[in-house]
Amino acid sequence: MTSTNENVSAFDEVNVFFDRAADRLGLGDGRREMLRTPWRELQVSIPVRMDDGTIKVFAGYRIQHNGARGPYKGGIRYHPEANQDEIRALSSLMTWKTALVEIPFGGAKGGVQCDPTQLSEGELNRLTRRFTANIEHLLGVSRDIPAPDLGTNSQTMAWMMDAYSQIHGHTPAIVTGKPVELGGSVGRDSATGRGVVYVTRETAVDLGMDPTGARVAIQGFGQVGSWTARIAGELGCMVTAVSDVQGGIHNDRGIDVEQLVKYQAEAGTVVGFPGTERITNEELIELDCEILVPAAIDRVIHQDNAPRVKAMVVVEAANHPVTPEADDILNDRGVKVIPDVLVNAGGVVVSYFEWTQNLYQHQWDMTRVNDELNKIMTRAYRSVADRVARDKITHRDASFQIAVERVAHVSRLRGFI
Ligand code: NAD
């Protein structure tokens, strides 16, 4: 299901968007190079004793892209295709994302090349502990704070926190996205999906689109996709298709999302949910709908399928789901693309709330978390929409321009250049 240009560097693709912003901002070669290049990259090997007694060695990465605006922040991904180039691309997106929503963090990302669905709980625990031990010297509550991403969750963060705390003493603020009982924030699980819905709401207002009854197709039904589906109902939208790694389901009259969540918890997949027809992940992208939400992996909308996307708006809940070529095709066809750095920032925003709560040993309630999230996401969306209107550019170009401008400005203030 991935793009036809899998051999193209994901980091180079993200930098197409960065370069466009740098051109418009008139950044010189040196400054551009400084902002583009990751500050630190670490690759580690992670030997794990498997349940059958054999030893497997996994490749792990932590890449700190830019720390000009604060401690590095970014998720840890467990995926069979996680590699240095992909993690580098994702780490740069974190730099632009934290700048765009104005939270005091830099950008980082980590990952382990593994298939978490094929590992037992014990194997995952051992892998996470050894990975944490191998990157621990880069981490710190004012240095680098990981979080969950594709293939990891609050349990993974609990293991990371425990492994780090064995060395440094009890340190909840070392990761975000923890279980609430261990200092996690209420509302963190749903935060990215909730942010996706807030941005969709603002987009609908600008497009003059009535979200009531709008058909939404969501690729991926994990942490981000499933919460987006659940909260989309608050706008009156109708979820008509969802998918996971095993395939997709569709019903043009709408899917009962709460029942689907229960079904998935038992069946381990959305496939086979009663009252729906089975579709492929590729078909979902091309489905007749108003709002298309890629919420799984990267580069699923590429030059081959972009001409067939029928949605009015593509809301990028996943990171880097649209290649630069596809982005141009969609823009030329009048399909609005709302970019990842804006759309999925809700997760890192509530991670920021969690980190501050840990530092102050305090706990916010759900109303406060969601109100503050709403304020920050709406403010970020409005700043992007104003730039779109002022400069007659796309939402992606506006988002990158604002973010790059902010990081460049802070770099100057700090005297790097
Ligand atoms: P997750 O592991 O919880 O869920 C991923 C979903 O995608 C699952 O339903 C899985 O079955 C599906 N999937 C995996 N491989 C697939 C494939 N090849 N084809 C189709 N579906 C596939 O992950 P998540 O945390 O929901 O992350 C999803 C995306 O959102 C990623 O791009 C991630 O970087 C991004 N994101 C996540 C967060 C967060 O807070 N978790 C924040 C910002 C961005």
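Keep in mind that what you see is a predicted model, and the values were worked out from it rather than measured. (Residues numbered from 1 in each chain as written. Predicted model: local features only at pLDDT ≥ 70, side-chain atom pairs only at ≥ 80, totals over all residues. Heavy atoms only, no water.)

Caption draft 1: Summary view of the sheet that holds strand 1 (residues 40–49). Taken in spatial order, the five strands make up an open sheet running 1-2-4-3-5, and their pairing is mixed. Looking at strand neighbours, the two that pair on one side only are strand 1 and strand 5 (144–148), the edges of this open sheet. Direction aside, neighbouring strands of the sheet carry axes that sit 20° apart on average. Where strand 3 (residues 72–79) lies against strand 5, five bridges are found, and the strand directions are parallel. Across the sheet, Lys-73 pairs through a bridge with Ile-145, a residue of strand 5. Its contacts with the sheet put helix 5 (residues 154–168) on strand 3 and strand 5, and the angle it makes with strand 5 is roughly 150°. (Pairing = 2+ DSSP bridges. Helix = DSSP H or I, 4+ residues; strand = E, 2+ residues; numbered from the N terminus. Axes fitted to C-alpha atoms, helices over the stretch in contact; angles between N-to-C directions. Contact = heavy atoms within 4.5 Å.)

Caption draft 2: Inspection of the packing of aromatic side chains at higher detail. In this structure the tally under the stated criterion is nine aromatic pairs. Relative to Trp-96, the ring of Phe-18 lies with its centre 5.4 Å away and its plane at 20°, an arrangement referred to as stacked. Taken as a pair, Phe-18 in helix 1 (residues 10–25) and Trp-96 in helix 3 (residues 84–100) lie far apart in primary sequence, 78 residues in all. Exposure remark for Phe-18: the relative accessible area of 0% places this residue in the buried category. Taken together, the aromatic side chains of Phe-105, Tyr-352, Phe-353, Trp-355 and Trp-364 make up a single cluster linked through ring pairs. (Phe/Tyr/Trp six-rings, centres within 6.5 Å; stacked < 30°, edge-to-face > 60°. Buried < 20%, exposed > 50% of the residue type's maximum accessible area, 1.4 Å probe, protein only.)

Caption draft 3: Main features of the pattern of salt bridges. Tallied over the entire structure, the rule returns 31 salt bridges. Ionic pairing is found between Arg-299 and Glu-13, a salt bridge with its closest N-O pair at 3.6 Å. Highlighted residues: Arg-299 in the loop between strand 10 (291–294) and strand 11 (313–315) and Glu-13 in helix 1, separated in sequence by 286 residues. Here Glu-354 and Lys-178 are joined by a salt bridge, their closest N and O atoms 2.7 Å apart. Separated by 176 residues along the polypeptide, Glu-354 in helix 12 (residues 346–359) and Lys-178 in the loop between helix 5 and helix 6 (188–207) bring together distant segments of the chain. (Salt bridge = Lys/Arg side-chain N within 4 Å of Asp/Glu carboxyl O.)

Caption draft 4: Spotlight on the domain arrangement of the protein chain. Annotation of the protein chain at the domain level lists domain 1 (39–178) and domain 2 (189–343). Look at where the C-alpha atoms of domain 1 and domain 2 centre, and you get two points 27 Å apart. On the domain 2 side, the residues contacting the ten residues of domain 1 number eight residues. The junction of domain 1 with domain 2 conceals about 830 Å² of combined surface from both sides, 60% of it contributed by carbon and sulfur atoms. Per-residue buried area on domain 1 facing domain 2 is highest for Leu-93, Lys-97 and Leu-100; these three make up 46% of the total on that side. Along the contact surface separating domain 1 from domain 2 lie zero salt bridges. Run the count over domain 1 and domain 2 and you get one residue pair in polar contact (both at pLDDT 80 or more). (Domains from an automatic or database assignment. Buried area = accessible area lost by both parts, 1.4 Å probe. Polar contact = N/O pair within 3.5 Å; in protein donor to acceptor, adjacent residues only side chain to side chain.)

Caption draft 5: Local environment of helix 3. Compared with an ideal rise of 1.5 Å per residue, which puts 17 residues at 24 Å, helix 3 spans 24 Å between its outermost C-alpha atoms and is within 8% of the ideal. Capping the start of helix 3, Asn-83 holds a side-chain oxygen 3.0 Å from the backbone nitrogen of Asp-85, two or three residues further along. (Expected span 1.5 Å × (residues − 1).)

Caption draft 6: Spotlight on the environment of Asn-134. Here Asn-134 lies in helix 4 (residues 121–135). The class for Asn-134 is partly exposed, based on a relative accessible area of 21%. Between the alpha carbons of Asn-134 and Trp-159 there is a distance of 14 Å; along the sequence they are 25 residues apart. When sequence neighbours within four positions are dropped, the list of residues in contact with Asn-134 reads Leu-42, Val-44, Ser-45 and Ile-46. Within the local environment of Asn-134, its side chain forms a polar contact with the backbone oxygen of Ser-45, the two atoms lying 2.9 Å apart.

Caption draft 7: Broad picture of unusual backbone geometry. Of note in this structure, His-320 is not a glycine but carries a positive phi near 55°. Looking at the element boundaries, His-320 is found in the loop between strand 11 and helix 10 (324–332). Judged by relative accessible area, His-320 falls into the buried class, the value being 3%. Here Lys-392, not a glycine, exhibits a phi torsion of approximately 55°, which is positive. Locating Lys-392 in the fold gives a position in the loop between helix 13 (366–391) and helix 14 (395–414). Judged by relative accessible area, Lys-392 falls into the exposed class, the value being 70%.

Caption draft 8: Structural context of the nonpolar core. Core analysis: the largest hydrophobic core is formed by 83 residues, its most contacted members being Leu-35, Trp-96 and Val-293. At nine residues, the largest contribution of residues to this core is made by helix 13. Here this core spans two domains, since at least three of its residues come from each of domain 1 (39–178) and domain 2 (189–343). Among residues more than four places away in sequence, those in contact with Leu-35 are Phe-18, Leu-27, His-65, Asn-66, Trp-96, Val-404, Val-407, Ala-408 and Ser-411. Of all hydrophobic cores here, the second largest spans 24 residues; its members include Val-44, Tyr-78, Met-157 and Val-175. (Core = buried A, V, L, I, M, F, W, Y, C linked by side-chain atoms within 4.5 Å.)

Caption draft 9: Quick look at the packing of helix 6 against helix 7 (residues 223–232). Close contact between helix 6 and helix 7 brings their axes to 7 Å; oriented N to C, the two are set at 60°. Between helix 6 and helix 7, the angle is such that the two are oblique. Pair helix 6 / helix 7 crosses with right-handed handedness. In this structure, helix 6 contributes Arg-188, Asp-189, Ser-190, Thr-192, Gly-193, Arg-194, Val-196 and Val-197 to the contact, and helix 7 contributes Gln-223, Val-224, Trp-227, Thr-228, Ile-231 and Ala-232. Residue composition of the contact of helix 6 with helix 7, grouped by class: six nonpolar, five polar and three charged. (Parallel < 35°, antiparallel > 145°, perpendicular 65-115°, else oblique. Left-handed = near helix turned anticlockwise from the far one by under 90°. Nonpolar A, V, L, I, M, F, W, Y, C, P; charged D, E, K, R; others polar.)

Caption draft 10: Quick peek at the sheet that holds strand 8 (residues 247–250). Spatially, seven strands are ordered 9-8-7-6-10-11-12 in an open sheet, and the strand pairing comes out mixed. One side of each edge strand has no neighbouring strand; the edge strands of this open sheet are strand 9 (277–279) and strand 12 (336–338). Between one strand axis and the next, the sheet turns by 20° as a mean value, whatever way the strands run. As defined by bridge partners, strand 11 adjoins strand 12 across three bridges and the pair is classed as parallel. Bridged to Val-315 within strand 12 is Ile-338. On the sheet, helix 7 packs against strand 6 (215–219), strand 7 (238–244) and strand 10 and is oriented at approximately 165° with respect to strand 6.

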